[in-house]
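# Descriptive analysis of the structure
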Amino acid sequence: MVGLSGGKDSFLLLHALHELTRRSPVKFEVAAVTVGLTGMNLEPLREYCDSKNIALEIISQPIIEIIKLRDERSPCSFCANMRRGIISSFASEHNFNKLALGHTIDDAIETFVMNILYTGRAKSFKPVAFMSRTNVIVIRPLVLASENAIIDEVKRLELPIISSPCPFAGHTQRQKVRELIASLRNYIPDINGKILHALMNISQDDCW
C-alpha cells in the first residue's frame with residue numbers, strides 16, 4: 001500500500017513500485033490510498049491509477065479545518081501524524097502488510113534538525129519501522145534519494161503532480177529548517193551526508 005499524496009515524492013514512489021512489480025523476482029501487489037484534503041483536485045490521481053490498473057482508495061478528511069479549529073502550533077507534524085494513522089489503519093484493515101511512504105533524504109535530515117532544535121532530541125524517522133497499533137510495517141524506499149534527483153525524474157516521466165491546498169505551506173517550522181539547511185549548504189556542500197552519518201552513528205558513549 002502506497003500513501004499517495006499526489007506530490008512528487010509519493011507519485012514517483014508509486015510509479016517505481018508499479019514498474020517493479022513487472023520485474024521483481026519477489027511477487028507483490030501495489031495499491032494506493034490518498035487522504036483527500038479540502039480543495040484537492042484528485043482527478044489526476046484517479047486517471048493515472050486507472051491507466052496503470054492500480055487500485056486507489058480516497059479517504060476524505062477535513063484535516064485543514066481541524067488544524068485551524070485547534071490552532072495547531074505544528075500543523076505539518078499534526079497533519080503528517082493524522083494522515084499516517086489513517087492510511088496505516090486502512091492498510092491493516094485491508095490486509096496490506098507493508099505501507100510505503102515517499103520520504104526522502106532531505107525529509108530525514110530536516111526531521112533530524114527539527115527534533116534537535118525544537119524538541120531537544122537527536123532522532124529522525126527510520127527507513128523501516130513497525131507500527132504496533134496496526135501491525136503494519138512502514139517502509140521508505142526513497143529515503144536515500146535527494147529531492148533534486150526526484151524532481152528531475154518526475155519531469156522526465158511527466159508524472160501528473162497535483163498542487164497542495166495546504167494554507168500553511170511556506171510558513172512552517174519545517175520550511176524555516178529547510179531554509180537553514182540550504183544556507184548551511186553554501187559552506188558545507190555535503191551537509192546531508194554529514195548529518196546522515198551522525199544519525200547512523202549516535203553512540204551511547206557520547207551521551208552526557
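Report follows, based on the coordinates. What you are looking at is a predicted structure, and each value in this text was computed from that prediction instead of being measured.

What counts, and at which threshold
- Residues numbered from 1 in each chain as written.
- Predicted model: local features only at pLDDT ≥ 70, side-chain atom pairs only at ≥ 80, totals over all residues.
- Heavy atoms only, no water.
- Salt bridge = Lys/Arg side-chain N within 4 Å of Asp/Glu carboxyl O.
- Buried < 20%, exposed > 50% of the residue type's maximum accessible area, 1.4 Å probe, protein only.
- Phe/Tyr/Trp six-rings, centres within 6.5 Å; stacked < 30°, edge-to-face > 60°.
- Helix = DSSP H or I, 4+ residues; strand = E, 2+ residues; numbered from the N terminus.
- Pairing = 2+ DSSP bridges.
- Right-handed = clockwise from strand over helix to strand, strands pointing away.
- Patch = residues over 30% accessible without salt bridge, like charges linked within 9 Å, V, L, I, M, F, W, Y side chains within 5 Å.
- Areas by Shrake-Rupley, 256 points an atom, 1.4 Å probe, with all protein chains shown as cover.
- Contact = heavy atoms within 4.5 Å.

Throughout the structure, instances matching the rule amount to nine salt bridges. Asp9 is the salt-bridge partner of Lys8, the closest N and O atoms lying 3.9 Å from each other. Two residues, Glu19 and Arg22, come together in a salt bridge whose shortest N-O distance is 2.5 Å. On the basis of relative accessibility, which here comes to 16%, the residue Glu19 falls in the buried class.

Counting across every chain of the model gives one aromatic pair. For the pair Phe11 and Tyr48, a centre-to-centre distance of 5.0 Å together with 85 degrees between the ring planes defines the contact as edge-to-face. Placement of Phe11 in helix α1 (residues 8-20) and of Tyr48 in helix α2 (residues 43-52) is noted, with a sequence separation of 37 residues between them. Judged by its relative accessible area of 0%, Phe11 is buried. Tyr48 sits in the buried class, given a relative accessible area of 8%.

Take the pairing of strand β3 (residues 55-60) next. One ladder, built from six bridges, connects strand β2 (residues 31-36) with β3; its direction is parallel. Across the sheet, Val33 pairs through a bridge with Glu57, a residue of β3. You can see the chain leave β2, run along α2 and come back into β3, and the turn it takes is right-handed.

Next up on the list: a nonpolar patch on the surface. Where nonpolar side chains cluster on the molecular surface, the patch consists of Ile116, Leu117, Tyr118, Leu180, Leu184, Tyr187 and Ile188 and spans about 680 Å² of accessible area. Looking at the nonpolar patch, the elements that each hand over two or more residues are α5 (105-119) and α7 (173-185). In terms of residue count, α5 provides more of the nonpolar patch than any other element does, three residues in total. Mapped onto the elements of the fold, Leu117 is located in helix α5.

A few words now on the environment of Arg46. Along the chain, Arg46 turns up in helix α2. Taking the C-alpha atoms as reference, Arg46 lies 9.3 Å from Glu57; in sequence the two are 11 residues apart. Once residues within four sequence positions are removed from consideration, Arg46 is found in contact with Leu56 and Ile58.

Of note in the backbone geometry, Asn135 takes a positive phi value of approximately 60 degrees without being a glycine. Note that Asn135 resides in the loop between β5 (128-131) and β6 (136-139). We classify Asn135 as exposed; its relative accessible area is 56%. The phi torsion at Glu158 lies on the positive side, around 55 degrees, for a residue other than glycine. Its place among the elements puts Glu158 in the loop between α6 (147-157) and α7. For Glu158, a relative accessible area of 68% gives the class exposed.

Distances and angles like these do not, on their own, reveal function.
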